[in-house]
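Report on the structure
The lines below spell out each chain.
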Amino acid sequence: MHKQNGSVIIIVLWTSILLTILVTVMAGKIQLSARTAFHNQLAVNSLADTASAMNKAEMELMLERMTRPIDEPLNLDDEGNNRSSALRFNGQPLTLHYPAGEDMVVRIYDHAGKINLNRIRRRDLQQLIEKQMGEDIDNQKVQELLSAWTDWTDLNDLAGINGAEDEYYQSLDIPYTARNYAQLDSVEELLLIRGFDEIFGHVNLNAAFTIYGNTQTVNLNLASREAMSLLPGLNDELIEEIIAYRQERDFRSKGDVGELVPVENFVELSNWIGSNTSNFFTVFAYPKPKAVAEDDEGLDAEEIDKQLDPSTQAHMEIWEVRSYANRARVYLVNPYGRLPDIAPARVPE
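Residues numbered from 1 in each chain as written. Predicted model: local features only at pLDDT ≥ 70, side-chain atom pairs only at ≥ 80, totals over all residues. Heavy atoms only, no water.

For the rest of this paragraph, the subject is unusual backbone geometry. Positive phi outside glycine occurs at Asn162, with the angle close to 65°. Within the secondary structure, Asn162 sits in the loop between α3 (139-153) and α4 (166-169). Although it is not a glycine, Asn180 sits at a positive phi angle of roughly 55°. Structurally, Asn180 can be placed in the loop between α4 and α5 (196-200). (Helix = DSSP H or I, 4+ residues; strand = E, 2+ residues; numbered from the N terminus.)

As structure tokens, this is what we get:
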């Protein structure tokens, strides 16, 4: 009898253990399913918010191409000059006519603020290369890079002096062929040309360059930090002064730039700058970061910038918007686009 009672107790205990394990496993699966459903819902909501913000941004660009209402109030700077609404598409966070939502940030970059690789002149490319090399300019290396560029963009497969054609590119670990066409298909293609990855590999290419449009100059009202950092005549201090200036007023002519940039720098910069805008835009939309801590004592400017908006990635699209009567033509969609440097001007108060 005692043996039977012991056996029953053991069976009961094992049954209890098995039931406990089963219940625990089932509870874990239910919890995992609930979490999965919750995060899926968050992802769907985020996708919907992003899509809505992009639609509102498209409306903003289409509205910009409409005739302005007669009674629309003017946006004047502190000197009483009218500020162009088209120049707000320089990457600053925008307040849209059709709000994108309190939790979303929209930034639009006009490609007139970028360096156009498909319209760049050889002598201008040489200036970019020489600036990237710094004080230790290797003239032989510069000429080799220019020759490689020429061979990549010409219409034949004959290598020039110190150039590079298929024979070189086919010898690489991952072989490919030269473009042999005047138009690049993407800004990233620049790094495929022999030697250019060494010079421009660290640059945020989508922020600095474009392949769209016909412009050969850069509008400083619209230029990204990345584009300005490549331009001859500009250093970090001048770039921050330019950004601080355009936060308050527009550059209306080269003369305005000349008043801000020293003469020797302006001589180098002058041929690069223009007052044009374009029909091509890079649009970013992403959730607004959490509120910044109020106590910023002890933080340097860069740390404060990161607190203001630490975002480095966002949903990105490149559009062409020609009129208010037609929707944007989409050239590129990247859900994980790399944001340009979006910090406000870093200048001493």
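Having seen the model, we can carry on.
A separate point is the nonpolar core. The biggest cluster of nonpolar side chains holds 51 residues, and the ones touching the most others in it are Phe200, Phe209 and Leu220. Mapped by element, the contributors of at least two residues to this core are α2 (122-133), α3, α5, α6 (205-208), α7 (225-230), α8 (236-248) and α10 (263-269). In terms of residue count, the dominant contributor to this core is α3 (6 residues). Leave out the neighbours within four places in its chain, and Phe200 touches Leu128, Ile129, Gln132, Leu190, Leu191, Leu205, Phe209 and Leu230. Of all hydrophobic cores here, the second largest spans 18 residues; its members include Met54, Met62, Ile108 and Trp319. (Core = buried A, V, L, I, M, F, W, Y, C linked by side-chain atoms within 4.5 Å. Buried < 20%, exposed > 50% of the residue type's maximum accessible area, 1.4 Å probe, protein only. Contact = heavy atoms within 4.5 Å.)

Let us now look at α8. Counted at 1.5 Å a residue, the expected span for α8 with its 13 residues is 18 Å, and the 19 Å between its end C-alpha atoms agrees. Leu238, Ile239, Glu240, Ile242, Ile243, Tyr245 and Arg246 are the residues of α8 that are buried. Buried residues in α8 make contact with β1 (90-93), α7, α9 (254-260) and α10. The opening residue of α8, the one whose side-chain oxygen lies 3.2 Å from the backbone nitrogen of Glu237, is Asn235. (Expected span 1.5 Å × (residues − 1). Polar contact = N/O pair within 3.5 Å; in protein donor to acceptor, adjacent residues only side chain to side chain.)

Pairing in this open sheet of 5 strands is antiparallel, and the strands run β1-β2-β5-β6-β7 from one edge to the other. At either end of the open sheet lies a strand with only one pairing partner, and these are β1 and β7 (329-338). For this sheet, the mean angle separating the axes of adjacent strands, direction not counted, is 20°. Strand direction decides the pairing type here: β1 and strand β2 (residues 104-110), joined by 2 bridges, are antiparallel. Paired with Pro93 across the strands is Arg107, a residue of β2. (Pairing = 2+ DSSP bridges. Axes fitted to C-alpha atoms, helices over the stretch in contact; angles between N-to-C directions.)

With respect to the helices, strands and loops of the structure, Leu238 is situated in helix α8. For Leu238 and Leu260, which are 22 residues apart along the polypeptide, the C-alpha to C-alpha distance reads 8.1 Å. With sequence-adjacent residues up to four places away left out, Leu238 is seen in contact with Gly233, Leu260, Val261, Pro262 and Asn265.

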